[in-house]
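Structural overview for review
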Amino acid sequence: MKLVSYCVERQGANDRSDSSLRSDLKSNSDSGVRTGVVISEQNRVDRVLDLTDWIRSLPVSPEASRRNTLAGLETPMGGIMRWLQSGPVALGSVHSLMAAAGLGQSPCFHELQNIKLYAPVPRPGKIIGVGRNYADHAKETGVDPFEKPRIIFKVPSSVAAPGAPIPLPPEVSKLDFEAELAVVIGSYAKNVIKENALQYVAGYTVLNDASAREFQFDISPPQTTFAKSMDCFAPMGPWLVTADEIPDPQNLEVFCWLNGLQMQYGHTRDMLFPVATLIAYLSQFMTLEPGDVIATGTPAGIGAFRKPPLYLKPGDHLRFEVSKVGCLEHMIV
């Protein structure tokens, strides 16, 4: 299942609003940020089943309510964050709605080509990166594999929508790319064991861990978080593929193309620290919360370690793909 956050850019001739299957599913307006699920059927264009008002009606889980109160936070009114805080029952309910939609009884469809996508998690609580998590990438950087994960952070405001351009900051001349599988956490996770860790995953998306290398490599002390946290340095999307669609995150291919030329290729089986290991490790030190994102590392082929180095410039087009998850594209401006 592919969950999307979106707005309607134009009303297509084939967009359809039917009588409501359930009164709490009826969409009052196409304006603003909406939430839906992509439905792909043979011999017809991909459509998005709008779930905006239904998700707003979901009760949050008791654990989410308790933690929000302790932290002094308001419960999300809607969107994917509301869905994430509603607990595992919400996933099964969406499947039931999709089955009904397949019978032509859906309250509202939009053609995928007629909507603008946002990042599936527009403002994660945490974006946790993992440095040199592929053996071939560690080798190209000239270091031995780490004994424990090297943890890096990107600030939430660095998230950008799929297709949104990345502006090159005036003081940055070494902008680099990193294709990554991103894990979206779906349940509160603290001191979990590796064997149970994947139970805490809501789904997966694609992320470009864009980095200003001069702040990471050319100054002392290195400012790695700053180098990775500038505006739009975490393009993410195009959607969140739910975990039930990907039972084994260590069986995925990761690609990056720059202006049509393949720059990176890797396989998640080659991660030094697999997804389950990362969740178990991180949860020893911090509580992972619904909507947190773990960027799991990048394979070899980044610009900084090419000979000669290759850095991004305005007009460059990037395409990232993770098999079974999706494709993320954007331009440098």
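Keep in mind it's a predicted model, so treat the numbers as computed, not measured.

1. Quick look at the packing of aromatic side chains
In this structure the tally under the stated criterion is five aromatic pairs. Considering the side-chain rings of phenylalanine 255 and tyrosine 265, the 5.1 Å spacing of their centres and the 50° angle between planes classify their relative orientation as tilted. With phenylalanine 255 in strand 15 (residues 253-258) and tyrosine 265 in strand 16 (residues 261-267), this pair connects stretches of sequence that are ten residues apart. For phenylalanine 255, a relative accessible area of 14% gives the class buried. Seen in terms of ring centroids, tyrosine 281 and phenylalanine 285 are 5.2 Å apart; in terms of plane orientation they differ by 65°. Their pairing is edge-to-face. For phenylalanine 285, a relative accessible area of 55% gives the class exposed. Through a chain of ring-to-ring contacts, the aromatic side chains of Phe255, Trp257 and Tyr265 assemble into a single cluster.

2. Points about the environment of proline 167
Locating proline 167 in the fold gives a position in the loop between strand 9 (159-160) and strand 10 (175-176). Along the backbone, proline 167 and threonine 296 are 129 residues apart, and their C-alpha atoms lie at a distance of 24 Å.

3. Some remarks on the pairing of strand 3 (residues 34-39)
In terms of burial, strand 3 is largely enclosed, as six of its six residues are buried. Of the two faces of strand 3, both are covered, the one formed by Arg34, Gly36 and Val38 as well as the one formed by Thr35, Val37 and Ile39. When strand 3 meets strand 4 (residues 47-50), the two strands line up antiparallel, connected through four bridges. Within strand 4, the position partnered with valine 38 by the bridge is valine 48.

4. Quick look at helix 8 (residues 275-283)
An α-helix turns once per 3.6 residues; consequently, residues spaced three or four apart project the same way. Taken across its nine residues, helix 8 has seven buried, putting it largely inside the fold. Looking at the buried residues of helix 8, the elements they touch are strand 7 (127-131), strand 8 (150-154), strand 11 (179-185), strand 12 (201-208) and strand 17 (293-295).

5. Quick look at the confidence of the model for the chain
Per-residue pLDDT for the chain averages 90, and the proportion of residues at 70 or more is 91%. This model gives residues 17-30 a pLDDT under 50, and the stretch forms 31 contacts once residues within four places in sequence are excluded.

6. Examining the nonpolar core
Judged by nonpolar contacts, the single largest core of 55 residues is most densely connected at Ile279, Ile294 and Val325. The dominant element in this core, judged by the number of residues it contributes, is helix 8, at six residues. Of all hydrophobic cores here, the second largest spans 29 residues; its members include Leu3, Ile39, Val159 and Met236.

7. A short note on the environment of isoleucine 151
With respect to the helices and strands, isoleucine 151 occurs in strand 8. For isoleucine 151, a relative accessible area of 27% gives the class partly exposed.

8. Notes on the sheet that holds strand 18 (residues 317-322)
Taking strand neighbours across the sheet as the criterion, the four strands line up as 16-15-18-19 in an open arrangement whose pairing is antiparallel. Strands with a single pairing partner mark the edges of an open sheet, and in this sheet they are strand 16 and strand 19 (326-331). Taken over all neighbouring pairs, the strand axes of this sheet differ in orientation by 10° on average, direction set aside. Note that strand 18 and strand 19 share six bridges and pair antiparallel. Bridge pairing links valine 322 to glycine 326 in strand 19.

9. Thoughts on the pattern of salt bridges
Counting across every chain of the model gives 16 salt bridges. Residue aspartate 50 pairs with arginine 34 through a salt bridge whose shortest N-O separation is 2.7 Å. Taken as a pair, aspartate 50 in strand 4 and arginine 34 in strand 3 lie far apart in primary sequence, 16 residues in all. The exposure classification of aspartate 50 matches that of arginine 34, with both residues buried. For aspartate 218, the salt bridge goes to lysine 174, with nearest N and O atoms at 2.7 Å. Of the two residues, aspartate 218 sits in the loop between helix 6 (213-217) and helix 7 (224-227) while lysine 174 sits in the loop between strand 9 and strand 10, which places them 44 residues apart along the sequence. Given a relative accessible area of 46%, aspartate 218 falls into the partly exposed group. Among the residues examined, lysine 174 registers a relative accessible area of 26% and is labelled partly exposed.

Reading the values: the criteria
- Residues numbered from 1 in each chain as written.
- Predicted model: local features only at pLDDT ≥ 70, side-chain atom pairs only at ≥ 80, totals over all residues.
- Heavy atoms only, no water.
- Phe/Tyr/Trp six-rings, centres within 6.5 Å; stacked < 30°, edge-to-face > 60°.
- Helix = DSSP H or I, 4+ residues; strand = E, 2+ residues; numbered from the N terminus.
- Buried < 20%, exposed > 50% of the residue type's maximum accessible area, 1.4 Å probe, protein only.
- Pairing = 2+ DSSP bridges.
- Contact = heavy atoms within 4.5 Å.
- pLDDT = per-residue confidence, 0-100.
- Core = buried A, V, L, I, M, F, W, Y, C linked by side-chain atoms within 4.5 Å.
- Axes fitted to C-alpha atoms, helices over the stretch in contact; angles between N-to-C directions.
- Salt bridge = Lys/Arg side-chain N within 4 Å of Asp/Glu carboxyl O.

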